[in-house]
Amino acid sequence: MAFHKVDYTKENGLPVVLTTVDKLVQWGRSNSLWAMSYGLACCAMEMMAAGGGRFDFDRFGTIFRASPKHSEVMIIAGTLTKKHAEFTRRLYDAMPEPKWVISMGSCANTGGMFNTYATVQGVDRVIPVDIYLPGCAPRPETLQYALMILQKKIRKETPRRKQKVKRVV
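Residues numbered from 1 in each chain as written. Predicted model: local features only at pLDDT ≥ 70, side-chain atom pairs only at ≥ 80, totals over all residues. Heavy atoms only, no water.

> I would appreciate a short explanation of the sheet that holds strand S2 (residues 63–65) in the present structure.
Two orientations exist for strands paired in a sheet by backbone hydrogen bonds: parallel and antiparallel. Here five strands make up an open sheet; going across it, the order is S2-S1-S3-S4-S5 and the pairing parallel. Looking at strand neighbours, the two that pair on one side only are S2 and strand S5 (131–133), the edges of this open sheet. Each strand axis lies, on average, 25° off the axis of its neighbour in the sheet, ignoring direction. The pairing of strand S3 (residues 73–77) with strand S4 (residues 100–104) spans five bridges and is parallel. (Pairing = 2+ DSSP bridges. Helix = DSSP H or I, 4+ residues; strand = E, 2+ residues; numbered from the N terminus. Axes fitted to C-alpha atoms, helices over the stretch in contact; angles between N-to-C directions.)

What follows is the structure, given as structure tokens:
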């Protein structure tokens, strides 16, 4: 019969972790973000590059999905037109709670250089945005950093998050 004697004082204490259920749930949520890829313009190329092998979002638990019903994070990459705004809102509403939004690129954040009648001057006029990524077009490293910031934000939230109701353009 094998006899194992472990001296926990040498291994920095007992192998016991004390936490709350809320923190455990938020830790699980933050490390398994399924992102809905929603590329609208040139920023989508950078988002696709972020999903490739070089940046490997899978190690963060981020998997790109094509369905809003399977997604928790909506990454809006590119210029949003007013014609497309209602469809974007409908996709956002189809996502299950809790859900988060990353606005990627200057065009998604503020309309960019397209200050025209057809361009929405910021995605936050249609849906609530959690993280804004500046740049034209932001590099995949920036999107990776944004996901890491979103993970930190999720870990600090309570599991029962309420969404503010926003009006559609």
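Past the structure itself, the notes keep going.
> Where do I start with the pattern of salt bridges in this structure?
For side chains bearing opposite charge, pairing can occur when the charged atoms are close. For the structure on display, the rule yields five salt bridges. Arg 139 is paired through a salt bridge with Glu 46; the nearest N and O atoms lie 3.9 Å apart. Here Arg 139, found in the loop between S5 and helix H5 (140–156), pairs with Glu 46, found in helix H2 (residues 43–50); they are 93 residues apart in sequence, far enough to count as distant. The partner of Glu 141 in a salt bridge is Arg 139, with the nearest N and O atoms 3.3 Å apart. Through salt bridges with shared partners, a single network forms among Glu 46, Arg 139 and Glu 141. (Salt bridge = Lys/Arg side-chain N within 4 Å of Asp/Glu carboxyl O.)

> Explain the packing of helix H1 (residues 21–30) against H5 here, please?
Between two packed helices, both the angle of their axes relative to each other and the distance between the axes serve to describe the pair. Direction vectors running N to C along H1 and H5 enclose 160°, while the axes themselves pass 8 Å from each other. In this view, H1 runs roughly antiparallel relative to H5, as classed from their interaxial angle. Considering only the axes of H1 and H5, their crossing is right-handed. Contacts from Gln 26, Trp 27, Arg 29 and Ser 30 of H1 reach H5 at Gln 151, Ile 154 and Arg 155. Residues of the contact of H1 with H5, tallied by class, amount to two nonpolar, three polar and two charged. (Parallel < 35°, antiparallel > 145°, perpendicular 65-115°, else oblique. Left-handed = near helix turned anticlockwise from the far one by under 90°. Contact = heavy atoms within 4.5 Å. Nonpolar A, V, L, I, M, F, W, Y, C, P; charged D, E, K, R; others polar.)

> Would you explain the pairing of S4 in this entry?
Remark: a regular strand shows side chains that alternate across the two faces of the sheet. When you tally the buried positions in S4, you get five out of five residues, the bulk of the element. The alternating pattern of S4 places Trp 100, Ile 102 and Met 104 on one face and Val 101 and Ser 103 on the opposite face, and all of these are buried. In this fold, the crossover linking S3 to S4 by way of helix H3 (residues 82–94) has right-handed handedness. (Buried < 20%, exposed > 50% of the residue type's maximum accessible area, 1.4 Å probe, protein only. Right-handed = clockwise from strand over helix to strand, strands pointing away.)

> Which parts of the structure should I look at to understand the UniProt feature "binding site: [4Fe-4S] cluster" (unreviewed entry) in the chain?
According to UniProt, the "binding site: [4Fe-4S] cluster" (unreviewed entry) feature falls on Cys 42, Cys 43, Cys 107 and Cys 136. Separation in sequence by 95 residues is not matched in space for these annotated residues, since their most distant C-alpha atoms are only 9.8 Å apart. On the secondary structure map, Cys 42 appears in the loop between strand S1 (34–39) and H2. Within the secondary structure layout, Cys 136 lies in the loop between S5 and H5. (UniProt positions renumbered as here; feature names shortened; annotations may be inferred.)

> Sorry if this is basic, but what is going on with unusual backbone geometry here?
What is expected of a backbone is that most residues other than glycine have negative phi and most peptide bonds are trans. The peptide bond linking Glu 97 to Pro 98 adopts the cis configuration, its omega dihedral lying at -10°. Summarising the element assignment, Pro 98 is placed in the loop between H3 and S4. Put simply, Cys 136 and Ala 137 share a cis peptide bond, and its omega is -20°. Note that Ala 137 resides in the loop between S5 and H5. Even without a glycine there, the phi angle at Asp 56 is positive, about 50°.

> Is there a simple way to think about the side chain of Ser 71 in this case?
Topologically, Ser 71 is positioned in the loop between S2 and S3. Engagement of the side chain of Ser 71 in a polar contact is seen with the backbone oxygen of Ser 67, the distance being 2.7 Å. Those residues within four positions of Ser 71 in sequence are excluded, and the remaining contacts are Trp 34, Ala 35, Met 36, Arg 65, Met 95 and Pro 96. (Polar contact = N/O pair within 3.5 Å; in protein donor to acceptor, adjacent residues only side chain to side chain.)

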